[in-house]
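# Reading the structure
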Amino acid sequence: MKNLFLTILFLTSTLLFIAQPNTWIKMTDYTGNAVSAASAFIVGNTAYLCGGYDGSSYKVSLHRYNQPFDVWEKITDFPAMPRNKAVSFAIGGKAYYGTGQGLLQYSQDFWKFDTVTLTWTQIADITGAPRNGACGVSTNGKGYVGLGQSSTGLLNDWWEYNPTTNTWASKPNFIGTARKQASAFVATGKCYVTCGNDGGYKNDTYAFDPLLNTWTSKASFAGTPRYDATSFVIGNSGFVGLGYDNTLAYKNDVWQYNAYTNVWAQMTDFAGTAREGAIAFVLNNEAYVGLGYDNLFKNDIWKYTPNIGVGINESIVINNIQNVYPNPAKEIITVLLKENTPNSTLKIINMQGLVLLEQQITDNVQKINISDLAQGAYYITVSNGQHFNTSKRFIKID
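Residues numbered from 1 in each chain as written. Predicted model: local features only at pLDDT ≥ 70, side-chain atom pairs only at ≥ 80, totals over all residues. Heavy atoms only, no water.

### Brief notes about the overall build of the chain
This is how the line gets drawn: Here a helix means four or more residues in a row that DSSP labels H or I, a strand means two or more in a row labelled E, and each is numbered from the N terminus. Between buried and exposed lies partly exposed: a residue is buried under 20% and exposed over 50% of the maximum accessible area for its type, with that area taken using a 1.4 Å probe on protein chains only. Two residues qualify as a contact provided that any one of their heavy atoms is within 4.5 Å of a heavy atom in the partner residue. What sets the accessible areas is the Shrake-Rupley method with a 1.4 Å probe; for residues, cover comes only from the shown protein chains.
Counting its secondary structure elements, the chain contains 1 helix and 35 strands. Counting all 398 residues of the chain, 52% fall into the buried class. Of the contacts formed within the chain by residues at least 6 apart in sequence, a portion of 50% connects residues at least 24 apart. With the model as given, the accessible surface of the chain reaches about 17400 Å², and the carbon-plus-sulfur share is 52%.

### Concerning the sheet that holds strand E8 (residues 107-114)
Here is the rule we go by: In this scheme, strands are said to pair when DSSP sees at least two bridges between them. For helices, the axis comes from a line fit to the C-alpha atoms of the stretch in contact; other axes are also lines fit to C-alpha atoms, and the angle between any two N-to-C directions lies between 0 and 180 degrees.
With respect to topology, 4 strands assemble into an open sheet ordered E6-E7-E8-E9, the strand pairing being antiparallel. Each edge of the open sheet carries a strand with a single partner, namely strand E6 (87-91) and strand E9 (119-123). Direction aside, neighbouring strands of the sheet carry axes that sit 25 degrees apart on average. In this sheet, E8 lies alongside strand E7 (residues 94-100) in antiparallel orientation, the contact comprising 6 bridges. Of the residues in E8, the one forming a bridge with Gly-98 is Phe-110.

### As for the pattern of salt bridges
For clarity, the threshold we go by: By definition, a salt bridge exists where a carboxyl oxygen of Asp or Glu is found within 4 Å of a side-chain nitrogen of Lys or Arg.
Applying the stated criterion to the full structure yields 16 salt bridges. A salt bridge links Arg-83 to Asp-109, with the shortest nitrogen-to-oxygen separation between them at 2.9 Å. With Arg-83 in the loop between strand E5 (71-74) and E6 and Asp-109 in strand E8, this residue pair connects regions lying 26 residues apart in the sequence. By relative accessible area, which is 0% here, Arg-83 ends up buried. According to the relative accessible area criterion, Asp-109 is buried, its value standing at 12%. Ionic pairing is found between Asp-398 and Lys-396, a salt bridge with its closest N-O pair at 3.2 Å.

### Remarks on the confidence of the model for the chain
Condition: In predicted models, pLDDT denotes the confidence assigned by the predictor to each residue on a 0 to 100 scale.
On average, residues of the chain score 90 in pLDDT, and 89% of them reach the 70 mark or higher. Below a pLDDT of 50 lies the segment residues 4-17, which in the model reaches 1 contact outside its immediate sequence neighbourhood of four places, other chains included.

### Regarding the pairing of strand E19 (residues 230-234)
The element E19 is extensively covered by neighbouring structure, given that 4 of its 5 residues are classed as buried. Looking at chain direction, E19 and strand E20 (residues 237-241) are connected through 5 bridges and run antiparallel. Its bridge partner lying in E20, Ser-231 is registered against Val-240.

### Structural notes on the packing of aromatic side chains
Stated precisely, the cut-off is as follows: Pairs were defined over the aromatic rings of Phe, Tyr and Trp, the Trp ring being its six-membered one, requiring ring centres within 6.5 Å. Orientation was assigned from the angle between planes: stacked under 30 degrees, edge-to-face over 60, tilted for the rest.
One pass over the structure, following the stated rule, counts 46 aromatic pairs. Connected via pairs of aromatic rings, a cluster forms that spans Tyr-53, Tyr-58, Tyr-201, Tyr-227, Tyr-244, Tyr-250, Tyr-293 and Phe-297.

### Here we look at unusual backbone geometry
Residues Tyr-325 and Pro-326 are joined by a peptide bond in cis, for which omega reads -10 degrees. Counting through the fold element by element, Pro-326 comes out in the loop between strand E28 (321-325) and strand E29 (332-337). In this structure, Pro-328 follows Asn-327 across a cis peptide bond, with omega equal to 10 degrees. Within the secondary structure, Pro-328 sits in the loop between E28 and E29. In this structure, Leu-118 takes a positive phi of about 60 degrees despite not being glycine. Residue position: Leu-118 is located in the loop between E8 and E9. Its identity as a non-glycine residue notwithstanding, Asn-285 has a phi of 65 degrees, on the positive side.

### A closer look at the side chain of His-63
Worth spelling out the cut-off: In protein, a polar contact means a hydrogen-donor-capable atom and an acceptor-capable atom, both N or O and within 3.5 Å, with residues adjacent in sequence counting only if both atoms are side-chain atoms; elsewhere, any N or O pair within 3.5 Å suffices.
As for its placement among the helices and strands, His-63 is situated in strand E4 (residues 62-66). Given a relative accessible area of 4%, His-63 falls into the buried group. Of the polar contacts made by the side chain of His-63, one reaches the side chain of Tyr-30; its length is 3.1 Å. Not counting residues within four places of it along the chain, the set of residues in contact with His-63 comprises Tyr-30, Thr-31, Gly-32, Ala-47, Tyr-48, Leu-49, Trp-72, Glu-73, Lys-74 and Ile-75.

### Side note on the side chain of Ser-107
When you line up the elements, Ser-107 lands in strand E8. A residue is classified by how much of its surface remains accessible, and Ser-107, at 5% relative accessible area, is buried. Within the local environment of Ser-107, its side chain forms a polar contact with the backbone oxygen of Thr-99, the two atoms lying 3.2 Å apart. A distance of 2.9 Å separates the side chain of Ser-107 from the backbone oxygen of Gly-100, its partner in a polar contact. Residues contacting Ser-107, with those up to four places away along its chain left out, are Met-81, Arg-83, Thr-99, Gly-100, Pro-130 and Arg-131.

### Concerning the sheet that holds strand E22 (residues 254-258)
Within the open sheet, the 4 strands sit side by side as E19-E20-E22-E23. Their pairing is antiparallel. Only two strands of the sheet have a single neighbouring strand rather than two, namely E19 and strand E23 (263-266). If you compare each strand with its neighbour and ignore which way they point, the axes differ by 25 degrees on average. Pairing between E22 and E23: 4 bridges, direction antiparallel. Looking at E23, one finds that Trp-255 is bridged to Gln-266.

The structure is reproduced here in structure tokens:
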């Protein structure tokens with residue numbers, strides 16, 4: 001009996017430390033100064049945080065985060081102008097950091113950081129105008145930087161950096177209005193840009209396809225129009241939240257974007273105070289968000305665990321679902337697959353990303369009882385762990 005009691009106590013205690021889906025928990029505070037508009041980047045399985053502004057001075061400090069021990073460590077300072085509102089991205093085990101605001105209001109210098117030797121090397125300046133408040137991301141071995149504020153006004157240009165040749169190439173201009181302090185993320189190999197400040201508050205969203213060299217309009221961010229929000233990616237789902245909005249308020253809401261279905265869904269609010277100018281990074285499919293400004297400069301860090309299914313291997317996408325009918329439906333829907341999909345699982349997922357029903361696929365015609373589902377919109381997915389398939393959404397009616 002005593003051993004049974006101890007086992008139950010151990011399991012109960014263990015469960016307390018397992019993060020539940022779509023929740024936030026407080027982590028160790030950042031040990032540098034409380035700052036806003038710093039930059040964060042990931043190289044390998046380590047996060048780095050550089051720069052920022054603490055209300056009295058711009059920063060050059062660089063810290064790295066040890067996830068297993070929840071510890072921040074100060075390492076090599078950035079060797080050039082202290083700054084905030086810079087951009088950063090990582091390619092091939094190196095980090096790239098540049099532009100921003102400091103003693104010069106607008107800058108165009110760029111630097112490469114080697115995480116093995118802990119050394120900084122200056123690289124080619126961005127060819128476009130000196131700027132702050134730009135967007136920066138990387139995909140397919142290239143970096144992409146654009147938008148922001150320059151001495152001549154707001155920008156809508158878009159530049160591609162090739163680390164092999166150390167050169168910048170002009171790409172098609174952003175098709176939204178010129179703006180600063182927008183949010184950017186990469187999903188399904190495309191660069192997404194949303195929100196920002198063009199003299200007003202924005203929530204429109206666009207995607208740049210590096211292979212097609214084109215921009216396309218996407219579903220508008222579903223929260224209030226805002227700027228200085230933060231963004232991160234888990235799997236192929238983008239997340240955007242916090243910021244300063246058109247009600248003249250700091251925000252703490254967080255929204256998930258499904259790049260396959262082009263739909264935004266609201267997640268659990270950020271558990272810290274509402275703020276703008278926060279940083280975000282992702283390690284092992286969990287997001288870390290913190291710092292920023294809420295009328296005070298912040299140094300707190302919070303960890304977000306997404307819903308089950310976010311972050312699965314979605315690298316290969318095959319649309320193997322031929323039809324779902326009837327749609328709308330009350331009780332039974334039929335899912336018709338283009339071909340038999342062995343060793344696969346069919347799931348029904350709600351708009352918040354929660355898996356509500358799951359069953360193994362036995363043939364290419366699946367009949368599903370949905371009578372217990374609440375009225376609303378849902379998605380059907382099929383996955384075998386290597387291939388991810390998604391249909392258009394279906395509607396459950398009463």
